[in-house]
Amino acid sequence: MSQVPYVNDETEFIIARRDFAIQRQPLGQLRLYRQGQSPNIRGIQGCIASRKLHQGTCILSEGCLFSVQNPNSANEIERARRGLLPQDQLAFDGLSDGGQPNATPLQRFQINGIEMLEQIGREPRPRSGVFLEVSKFNHSCVPNAHLMWNQTSEQATIFAVRDILKTEEIFVSYIREEYVTQAHRREPLRDRGFHCRCRACDLNNPFGQRSDERRGQLSSLDRSIDELEALNEQGHSIDVVAKLIEAFIRLICREELYGTPLATASGRLAEYYYQEFTYPNQVRDTSRAYLETIKRFALSEARRAFAWSLIATGEHSLQTRDCLARIRRIDRLRVT
């Protein structure tokens, strides 16, 4: 796919510059989607693109209706609900009940809420919140948009991770674990009152038949990379780790999990190359040519990570800022 920024640095930054211009448009003046009958799920309402949405477009940026620290606490949720204005209470009570008659506020919150991870110092502080517009978007295990909580702007954002055609439904993922098989995805989706029938879950099509195999391979590779990370810190060669991450990235592309999975994987590979350069006792070849090559590889992967983070989370997210800081850190390396 030509839209995937995994070709070279020039391609990445052309895409990044193009999407930067799109996502800065005043969101309130654009009608990017409408709610209507889902063309993919019979009898369900969804969010349909009202125009072609280019990769990297910010589709939605929305403040939280209310949030709680413990999404399993009926008392905390009820207290937060009672603190809303009457019209906001009605709006919350009108959210999806997942097919449960007389759903309690706790059940309604668990069906519609999203996780809001905030970084406070070194420790992440988990919260969960409800967003009226976000709750209208349906789930897919192969989403064409990325949903996240932006701690910097204090908004939930949805960005297109690939081009979305006019009249195509916009999908996000309700679950954070991208690499688990269908059987493992089923339970958290059932808790939200959702039975997924996306391409990855439909075993009657070739993509779905191969999807479980690919995601199983992704999980296995992820564990292997974690295990080798410790070995690499003890002075082992980076070659094996780099090949595993490259295989990991190829599988992500085949599974069409664009956005943050690719940003994370490329950033991980950039850090391994950075370590190879900065720890002299671990470097097998201290020649100028070798170190220049390692720096070039590190910078290339760091730029890929930045491009994907910009596309999926926007310019102001902590993830994108971390990616930009990584580029600057690697660029400051000097070959002597």
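Residues numbered from 1 in each chain as written. Predicted model: local features only at pLDDT ≥ 70, side-chain atom pairs only at ≥ 80, totals over all residues. Heavy atoms only, no water.

A. Structural detail: the overall build of the protein. Helix and strand counts for the protein come out as 10 helices and 10 strands. Taken across its 336 residues, the protein has 48% of its residues classed as buried. Across the protein, every contact between residues at least 6 apart in sequence was considered, and the portion connecting residues at least 24 apart equals 67%. Accessible surface, the protein as shown: approximately 17,000 Å² in total, 49% of it carbon and sulfur. (Helix = DSSP H or I, 4+ residues; strand = E, 2+ residues; numbered from the N terminus. Buried < 20%, exposed > 50% of the residue type's maximum accessible area, 1.4 Å probe, protein only. Contact = heavy atoms within 4.5 Å. Areas by Shrake-Rupley, 256 points an atom, 1.4 Å probe, with all protein chains shown as cover.)

B. A look at the pattern of salt bridges. Tallied over the entire structure, the rule returns 16 salt bridges. Overlapping salt bridges bring together E78, R81, R82 and D93 as one network. (Salt bridge = Lys/Arg side-chain N within 4 Å of Asp/Glu carboxyl O.)

C. Structural view of the side chain of R108. As for its placement among the helices and strands, R108 is situated in helix α4 (residues 105-112). As a buried residue without a salt bridge, R108 has its nearest oppositely charged side chain in D93, at a separation of 4.8 Å. Not counting the four nearest positions on each side in its chain, R108 is found in contact with F92, D93, G94, L95, S96, D97 and A103. (Lys, Arg positive; Asp, Glu negative; His and termini not counted.)

D. Region of the structure containing the pairing of strand β8 (residues 145-150). Across the 6 residues that make up β8, a large majority, 6, are buried. Two elements, β8 and strand β9 (residues 155-160), share 6 bridges in a ladder whose sense is antiparallel. Bridge pairing in β9 places L147 opposite I158. Linkage of β8 to β9, two consecutive antiparallel strands, is achieved through a turn of 4 residues, within which E154 is found at a positive phi near 55°. (Pairing = 2+ DSSP bridges.)

E. Local environment of unusual backbone geometry. Positive phi, close to 80°, is recorded for T167, a residue that is not glycine. Looking at where T167 falls in the secondary structure, it is placed in the loop between β9 and β10 (171-172). Residue E256 is not a glycine yet carries a positive backbone phi of 60°. Structurally, E256 can be placed in the loop between α7 (239-254) and α8 (260-278).

F. The sheet that holds strand β3 (residues 58-62), seen in detail. Pairing is antiparallel across the open sheet formed by 3 strands, whose spatial order is β3-β9-β8. Every interior strand has two partners, whereas the edge strands, β3 and β8, have only one. Strand-to-strand twist across the sheet, computed as the mean angle between neighbouring axes with direction ignored, equals 15°. Inspection of the sheet shows β3 paired to β9 by 4 bridges, in the antiparallel sense. What sits directly across from E62, in β9, is A156. (Axes fitted to C-alpha atoms, helices over the stretch in contact; angles between N-to-C directions.)

G. Fine view of the environment of R176. As for its placement among the helices and strands, R176 is situated in the loop between β10 and α5 (182-191). On the basis of relative accessibility, which here comes to 54%, the residue R176 falls in the exposed class. Along the backbone, R176 and E115 are 61 residues apart, and their C-alpha atoms lie at a distance of 9.3 Å. A distance of 3.2 Å separates polar atoms of two side chains, one belonging to R176 and the other to E115. (Polar contact = N/O pair within 3.5 Å; in protein donor to acceptor, adjacent residues only side chain to side chain.)

H. Spotlight on helix α9 (residues 288-313). Counted at 1.5 Å a residue, the expected span for α9 with its 26 residues is 38 Å, and the 37 Å between its end C-alpha atoms agrees. Once α9 finishes, G314 follows within two positions and takes phi at roughly 90°, a positive value. (Expected span 1.5 Å × (residues − 1).)

I. Layout of the nonpolar core. By size, the foremost hydrophobic cluster in this structure holds 42 residues, and its most contacted members are L218, I245, F248, I252, Y273 and I330. Elements that contribute at least two residues to this core include exactly α6 (206-233), α7, α8, α9 and α10 (318-331). The element that contributes the greatest number of residues to this core is α9, accounting for 12 residues. Setting aside anything within four residues of it in sequence, one finds I245 in contact with I225, A265, R268, L269 and Y272. If you look at the next biggest cluster of nonpolar residues, it comprises 21 residues, including M116, A145, L147 and A160. (Core = buried A, V, L, I, M, F, W, Y, C linked by side-chain atoms within 4.5 Å.)

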